[in-house]
Amino acid sequence: MAAAGCGSGAGKSLLRFMKFVGQLKRVPRTGWVYRKVEKPESVSDHMYRMAVMAMLTEDKKLNKDRCIKLALVHDMAECIVGDIAPADNISKEEKHKKENEYEHQSSAEAKFVKELDQCEMILQALEYEELEKRPGRLQDFYDSTAGKFKHPEIVQLVSAIYEERDSNIASQGSSSQL
Ligand SMILES: Nc1nc2c(ncn2[C@H]2C[C@H](O)[C@@H](COP(=O)(O)O)O2)c(=O)[nH]1
Ligand SMILES: [Mn+2]
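Since we're looking at a predicted model, the values are computed, not measured. (Residues numbered from 1 in each chain as written. Chains lettered and ligands numbered in written order. Predicted model: local features only at pLDDT ≥ 70, side-chain atom pairs only at ≥ 80, totals over all residues. Heavy atoms only, no water.)

> What exactly am I supposed to notice about the overall build of the chain here?
Looking only at helices and strands, the chain has 9 helices and 0 strands in total. Shown N-terminal to C-terminal, the secondary structure of the chain runs as helices and strands in the order α-α-α-α-α-α-α-α-α. The buried share of the chain, reckoned over its 178 residues, is 36%. Long-range pairs, those at least 24 residues apart, make up 66% of the contacts in the chain with a sequence separation of at least 6. When the accessible area of the chain is evaluated, it comes to approximately 10,800 Å², of which 58% is carbon and sulfur surface. (Helix = DSSP H or I, 4+ residues; strand = E, 2+ residues; numbered from the N terminus. Buried < 20%, exposed > 50% of the residue type's maximum accessible area, 1.4 Å probe, protein only. Contact = heavy atoms within 4.5 Å. Areas by Shrake-Rupley, 256 points an atom, 1.4 Å probe, with all protein chains shown as cover.)

> Could you clarify how one ought to interpret the site of ligand 1 in this entry?
Every one of the 16 residues lining ligand 1 counts as a neighbour, but Gly-31, Glu-78, Asp-83, Asp-140 and Ser-144 are closest to it. Separating an oxygen atom of ligand 1 from a backbone N or O atom of Gly-31 is a distance of 2.8 Å. Contacts to ligand 1 include Asp-117, whose side-chain N or O atom sits 3.0 Å from an oxygen atom. Against a free-state accessible area of 490 Å², the protein chains account for coverage of 88% of ligand 1. Mapped onto the shell around ligand 1, the elements with two or more residues apiece are helix H2 (30-34), helix H7 (108-132) and helix H8 (139-143). Class assignment for the residues of the shell around ligand 1 results in 5 nonpolar, 4 polar and 7 charged. (Near = heavy atom within 4 Å. Polar contact = N/O pair within 3.5 Å; in protein donor to acceptor, adjacent residues only side chain to side chain. Nonpolar A, V, L, I, M, F, W, Y, C, P; charged D, E, K, R; others polar.)

> I would appreciate a short explanation of unusual backbone geometry in the present structure.
As a rule of thumb, non-glycine residues mostly have phi less than zero, and peptide bonds are mostly trans rather than cis. For Lys-36, which is not a glycine, the phi torsion comes out positive at approximately 55 degrees. Among the structural elements, Lys-36 can be located in the loop between H2 and helix H3 (43-55). Here the phi dihedral of Lys-133 falls at roughly 55 degrees; this positive angle occurs in a residue that is not glycine. With respect to the secondary-structure elements, Lys-133 resides in the loop between H7 and H8. When its relative accessible area of 69% is taken as the criterion, Lys-133 is described as exposed.

> For this particular structure, what's the right way to read the coordination of the manganese ion (ligand 2)?
Six octahedral donors around a metal ideally sit at 90 or 180 degrees from one another, while four tetrahedral donors ideally sit at 109.5 degrees. Around the manganese ion (ligand 2), the protein contributes the donor atoms His-46 (NE2), His-74 (NE2), Asp-75 (OD) and Asp-117 (OD), which lie 2.2 to 2.3 Å from the metal centre. In primary sequence terms, the donor set of the manganese ion (ligand 2) follows H-x27-H-D-x41-D. Of this pair, His-46 sits in helix H3 while Asp-75 is found in the loop between helix H4 (64-73) and helix H5 (78-81), placing the two residues 29 residues apart along the sequence. In this pair, the class of His-46 matches that of Asp-75, namely buried. (Donors = N, O, S within 2.8 Å, 3.2 Å for Na, K, Ca; no water.)

> I keep staring at the pattern of salt bridges and nothing clicks. Help me out?
Should the charged atoms of two oppositely charged side chains come close, the side chains can pair. Evaluation of the coordinates by the stated rule reveals 10 salt bridges. The partner of Arg-35 in a salt bridge is Asp-140, and the shortest N-O contact between them spans 2.7 Å. Placement of the pair is Arg-35 in the loop between H2 and H3 and Asp-140 in helix H8, with a sequence separation of 105 residues. Given the relative accessible area of 26%, Arg-35 is considered partly exposed. On the basis of relative accessible area, Asp-140 is assigned to the partly exposed category, the value being 40%. Salt-bridge contacts for Glu-127 lead to Arg-49; the nearest nitrogen and oxygen are separated by 2.7 Å. Separated by 78 residues along the polypeptide, Glu-127 in helix H7 and Arg-49 in helix H3 bring together distant segments of the chain. In the salt-bridge network here, residues are joined through shared partners; they are Arg-29, Glu-41 and Asp-75. (Salt bridge = Lys/Arg side-chain N within 4 Å of Asp/Glu carboxyl O.)

In structure tokens:
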């Protein structure tokens with residue numbers, strides 16, 4: 001970070017970029033908006049937790065620093081192109097063209113972060129179902145990511161998410177029969 005006061009041009013550019021990044025705090029994640037989730041998380045909320053997930057990986061084959069950085073920037077384009085959801089019916093090619101780089105999945109880190117992207121989303125879906133006390137309501141997020149998790153650490157977390165969600169659904173089922 002440029003020291004305060006040195007080079008007003010550098011300071012102004014940094015300020016402009018920081019305001020640009022700040023917009024991500026105000027871009028709600030479209031998938032939740034479309035499903036009428038109350039107070040949906042922002043794109044930056046989503047990327048923050050992904051960065052924490054990346055920070056916790058114990059996989060020595062991965063460049064952890066690169067994973068954290070990818071997590072923190074992978075949806076940054078959305079403050080320009082918006083948060084494009086499957087329901088928007090924009091082709092993968094068009095979305096990738098807009099979001100580029102990370103979407104090409106060219107490195108082990110990009111593949112790992114793509115799985116984090118989807119894992120963080122189904123974790124958020126579980127949390128919304130629990131907050132709304134409506135287990136099972138957000139099934140399509142699980143359907144669209146089923147079978148897409150390969151990395152052992154992520155498979156472990158996804159299994160725990162499914163276990164908790166299945167228990168929530170079962171409990172709701174048994175309580176509704178009372
Ligand atoms: N209703 C659904 N929305 C979905 C699904 N998969 C992704 N999404 C949403 C989540 C985000 O708002 C947006 C794009 O997500 P990225 O992380 O890829 O930028 O689309 C789904 O299966 N159902
Ligand atoms: Mn994402």
